[in-house]
Amino acid sequence: AERAQGAKRLELLRANQPILEEAIRRLDEAVTRYWDITPRAESAAYLAARTHVLAAEWPRMEAQLPDILDAAKRTLHARAKLELETALDGFNSLRKHLARREDEHRLPEKEQAMLRNCFLAEADTLREMNRFEEAADTYRAVSLRYMNEPPALEAILGQARCAKDLGREQEAGLLIRRANVVLKRIPNEWNGKFEETTRFDRNGWEKLLSWMTKRLDVTTGGV
C-alpha cells in the first residue's frame, strides 16, 4: 500500500485497515501475556506502536476525499489523531522503560536498537501530528545522545525538516550543513554500522548531503 499511488493506495490502505486493527489487538495481548518475559513483550510493544502509526494513514487519506461529508471528515481526522497519539504514548512508555533498564546495566544490542528507534519514532510521530517544535526538540535530543554516531544524521535532518515546516529556511540550511560536519566526524570504525542504524551506508550519506548542500549553495549563493 505504501508503494502504491492515488486511488490504488487508498484502496489498499482501506483493505489493510482490519488487518492492522487485528494485529494491534494481538500485539497488545502479547504485551500483557509476556511482560515477565521482557524482550518478547518489549518487541510486541514496539510493533504495536508502529502499527498504530500505519493505522493512522487510511483515515487521514480518506478524510481528504472531496466527496466526504464534514461530519465524516471530522470523525476520520479524530481517528487518525487517536492512532498517532496512541503510537506516541507507546513509543514514549517503551523508551522510558528501556532507559530505566539502561540505568541499571548495559542493554543488549537488540534493546539498544529498540531504544534508539523509540527516540526517533517519537520525533517522527510528533512531526506527523504537526507538533513541529516538540518534534524538533526531540530530534535535537537524539542528535546529542548519539553525537558523532550515524543516528545523529537522521536526527539532524529530521530537525531540519521541522525547521522548514516552521518556515525557518535559514535554520534548516544550517542544520543540513551541520549534518555534513557530523558525518566527517564519525569515526571509520562506525562504517559497518551505518546501514544497521540509518537508511544509508556512509557513501550514501555522503552523496545525499553533498546533493543537499549543492542545492543550498544554489538557492543561497553559498551563504
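Above this note sits the structure.
Residues numbered from 1 in each chain as written. Predicted model: local features only at pLDDT ≥ 70, side-chain atom pairs only at ≥ 80, totals over all residues. Heavy atoms only, no water.

Digging into the overall build of the chain
Logical step 1: Each helix and strand in the chain was counted, giving ten helices and zero strands.
Logical step 2: Along the chain, helices (α) and strands (β) appear in the sequence α-α-α-α-α-α-α-α-α-α when read from the amino end.
Logical step 3: Structurally, the chain occupies a C-alpha span of about 50 × 50 × 30 Å along its principal axes.
Logical step 4: Across the 223 residues of the chain, 43% fall into the buried class.
Logical step 5: Across the chain, contacts joining residues at least 24 apart in sequence account for 60% of those joining residues at least 6 apart. (Helix = DSSP H or I, 4+ residues; strand = E, 2+ residues; numbered from the N terminus. Buried < 20%, exposed > 50% of the residue type's maximum accessible area, 1.4 Å probe, protein only. Contact = heavy atoms within 4.5 Å.)

So, the packing of helix 4 (residues 70-104) against helix 5 (residues 109-128)
Logical step 1: Close contact between helix 4 and helix 5 brings their axes to 9 Å; oriented N to C, the two are set at 150°. In terms of their interaxial angle, helix 4 and helix 5 are classed as roughly antiparallel. Two packed elements cross with a definite hand, and for helix 4 against helix 5 that hand is left-handed. Facing L84, L88, F91, N92, L94, R95, L98, A99, R101 and E102 of helix 4, the residues of helix 5 in contact are E111, M114, L115, C118, F119, A121, E122, T125, L126 and E128.
Logical step 2: Looking at the contact of helix 4 with helix 5 residue by residue, the class counts come to twelve nonpolar, two polar and six charged. (Axes fitted to C-alpha atoms, helices over the stretch in contact; angles between N-to-C directions. Parallel < 35°, antiparallel > 145°, perpendicular 65-115°, else oblique. Left-handed = near helix turned anticlockwise from the far one by under 90°. Nonpolar A, V, L, I, M, F, W, Y, C, P; charged D, E, K, R; others polar.)

A few points about the side chain of N180
Logical step 1: Within the fold, N180 resides in helix 8 (residues 169-185).
Logical step 2: Polar contacts involving the side chain of N180 include one to the side chain of T213, which spans 2.4 Å.
Logical step 3: When near neighbours in sequence (up to four residues on either side) are disregarded, N180 contacts L209 and T213. (Polar contact = N/O pair within 3.5 Å; in protein donor to acceptor, adjacent residues only side chain to side chain.)

Some points on the layout of surface pockets
Logical step 1: Taken as a whole, the largest pocket spans an internal volume of roughly 560 Å³.
Logical step 2: Of all elements in the fold, only helix 7 (151-165), helix 8 and helix 10 (202-220) reach the threshold of two or more residues within the lining of the largest pocket.
Logical step 3: Of the residues in the lining of the largest pocket, the class split is ten nonpolar, four polar and six charged.
Logical step 4: Empty space within the second largest pocket amounts to approximately 470 Å³.
Logical step 5: Together, 16 residues line the second largest pocket, and Q112, A113, R116, E149 and W190 are the ones closest to its centre.
Logical step 6: Those elements giving two or more residues to the lining of the second largest pocket turn out to be helix 5 and helix 9 (194-197). (1 Å grid on protein atoms, 1.4 Å probe; cavity = no way out; pocket = protein on both sides within 12 Å on 5 of 7 lines; lining within 4 Å. Points joined across faces, edges and corners; volume = space filled by probe spheres on them.)

Looking at the state of the cysteines
Logical step 1: Tallying each qualifying case throughout the model produces zero disulfides.
Logical step 2: This cysteine, C118, is not joined by any disulfide, and C162 carries the nearest cysteine sulfur, 18 Å off. (Disulfide = S-S within 2.5 Å.)

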